[in-house]
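Structural characterization, general
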Amino acid sequence: MSDILITEKIQGLAIDALGQSYDVKYEPNLWQNDAALRDAVGKTRAMIVRNQTQVTRALIAGGNSLKVIGRAGAGLDNIDVAAACEQGIVVTSTPEQNSLSVAELTLGLMLALARHIPAADRDTRVGNWSRQKFTGVELYGSTVGIVGFGRIGFLTAMRAQAMGMRVVISDPVVGPDAATVNAVGGYVLPLEQVLGAADFICCHVPCTPSTRLFFNADRFAQTKQGAYFINTSRGEVVDELALASVLKSKHLAGAGLDVRSTEPPTASVFDQMDNVILTPHIAAFTDQAQDRVIKAVCLDVAGVLEGKTPNYPA
Ligand code: 3PG
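Predicted model, so just to flag it, every value in this text is computed and none were measured.

Calculation notes
Residues numbered from 1 in each chain as written. Predicted model: local features only at pLDDT ≥ 70, side-chain atom pairs only at ≥ 80, totals over all residues. Heavy atoms only, no water. Pairing = 2+ DSSP bridges. Helix = DSSP H or I, 4+ residues; strand = E, 2+ residues; numbered from the N terminus. Axes fitted to C-alpha atoms, helices over the stretch in contact; angles between N-to-C directions. Contact = heavy atoms within 4.5 Å. Buried < 20%, exposed > 50% of the residue type's maximum accessible area, 1.4 Å probe, protein only. Polar contact = N/O pair within 3.5 Å; in protein donor to acceptor, adjacent residues only side chain to side chain. Phe/Tyr/Trp six-rings, centres within 6.5 Å; stacked < 30°, edge-to-face > 60°. Lys NZ or Arg CZ within 6 Å of the ring centre and 35° of its normal. Near = heavy atom within 4 Å. Areas by Shrake-Rupley, 256 points an atom, 1.4 Å probe, with all protein chains shown as cover. Nonpolar A, V, L, I, M, F, W, Y, C, P; charged D, E, K, R; others polar.

Two modes of strand pairing occur in sheets, parallel and antiparallel, and in both the strands are linked by backbone hydrogen bonds. Taken together, the five strands give an open sheet; going across it, the order is β2-β1-β3-β4-β5, and neighbouring strands pair in parallel fashion. Unpaired on one side and paired on the other, β2 (24–26) and β5 (90–92) mark the two borders of the sheet. Pairs of neighbouring strands in the sheet enclose a mean axial angle of 20°, with direction left out of account. Direction of pairing for strand β1 (residues 2–6) relative to β2: parallel, over a ladder of three bridges. What sits directly across from Ile4, in β2, is Val24.

Right, let's talk about the sheet that holds strand β12 (residues 276–278) for a bit. If you walk across this open sheet you meet the seven strands as β8-β7-β6-β9-β10-β11-β12, and the pairing is parallel. Each edge of the sheet is formed by a strand with only one pairing partner; in this case those strands are β8 (187–188) and β12. Of the strand pairs in this sheet, strand β6 (residues 143–147) and strand β9 (residues 200–203) are connected by four bridges, and their pairing is parallel. Its bridge partner being in β9, Ile146 is matched across the sheet by Cys202. Here helix α11 (residues 240–248) sits on the sheet in contact with β10 (227–231), β11 (252–257) and β12, set at roughly 140° to β11.

Among the structural elements, Asn231 can be located in strand β10. What makes Asn231 buried here is its relative accessible area of 1%. In this view, Asn231 contacts Cys203, Val237, Val238, Gly256, Leu257, Asp258 and Val259; residues no more than four positions away in its chain are not counted.

On to the environment of Pro310. Inspection of the secondary structure assignment puts Pro310 in the segment after α12 (287–305). On the accessibility criterion, Pro310 (14% relative accessible area) is buried. Between the C-alpha atoms of Pro310 and Tyr26, which are 284 residues apart in sequence, the distance is 22 Å. Not counting chain neighbours up to four residues away, the residues in contact with Pro310 comprise Val90, Thr92, Asp300 and Val304.

Structurally, Arg260 can be placed in the loop between β11 and β12. For Arg260, a relative accessible area of 8% gives the class buried. Within the local environment of Arg260, its side chain forms a polar contact with the side chain of Ser268, the two groups lying 3.0 Å apart.

Attention shifts here to the packing of aromatic side chains. Scanning the model with the defined rule gives six aromatic pairs in all. Ring centres of Phe149 and Phe154 lie 6.1 Å apart, and the angle between their planes is 85°; on these two criteria the pair is classed as edge-to-face. In this structure an aromatic cluster arises from ring pairing among Phe214, Phe215, Phe220 and Phe229. The ring of Phe214 is capped by Arg219, whose NZ or CZ atom sits 4.3 Å from the centre of that ring.

What follows covers the site of the ligand. Neighbouring residues of the ligand: Arg50, Asn51, Arg71, Ala72, Gly73, Ala74, Gly75, Asn98, Arg234, His281, Ala284 and Phe285. A distance of 2.5 Å separates an oxygen atom of the ligand from a polar atom in the backbone of Ala74. The separation between an oxygen atom of the ligand and a polar side-chain atom of His281 is 2.7 Å. Within the complex, 93% of the 310 Å² of free accessible area of the ligand lies under protein. A breakdown of the residues in the shell around the ligand according to their chemical character gives four nonpolar, five polar and three charged.

Here it is as structure tokens:
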């Protein structure tokens, strides 16, 4: 029996500190082995995961002594929260701790796409000096469409506003007079109008059963000719074949994808596209964000084991 089981690569001083007071079992590859995972979950009081451990109803059912599941990150799509609640197991997450880093990567992808930075880098390394070929566009004066205006959407919009971009927003639960909308000088519009107006579309939609394949062929058809699409949310909210098709036809000028429908992804059509920037789900991976995330999850998991109410219950 362990106190705390860690099933993915999650390291830091806060984890080391947990080890002083609890029996911590660190198994960074356990998420890949169903049988061993089931066995270990049956013998622990707490578990800490990122987004690769599939914490299903069946897995939770075998957690006879399980009191708390700590998600080191924001997205809860890999955890059956309802099943955990039914079994009286607390689920905690770290929703605020990595938002800033995600917003910064989103802005980074926008700039990298607008100025062709990765393609220019590849070209220059092989001895070329092709200045006109990499003529880009300014962010200043262009329109960013924020689809999903939660914490990350808001922080992205603030940065876009600072770059002189016009901000249009689509979110079913955000009203036109919300303080956050006013703070970024934004306009809340119906989704089709956002898609039709935006030069840069930033996807910040969480993955839920109702948002799977949210960006499908119909929605891509509504986007402005020559727009860029950036996804730092979840790959499952995008129909990747539909996206590939609008990129191939040059309806969209490019895409920045930090997340994919399967992670790690298998070889795909995106790999050969010069106008697509691919990163391996690193939006939350900065020293600062990881430090905050790991501290927060450790604090909540230890707190629940001591009978306290968590700061960030799911
Ligand atoms: C999140 O949901 O917080 C981000 O996607 C990062 O998740 P990860 O730390 O599990 O990669």
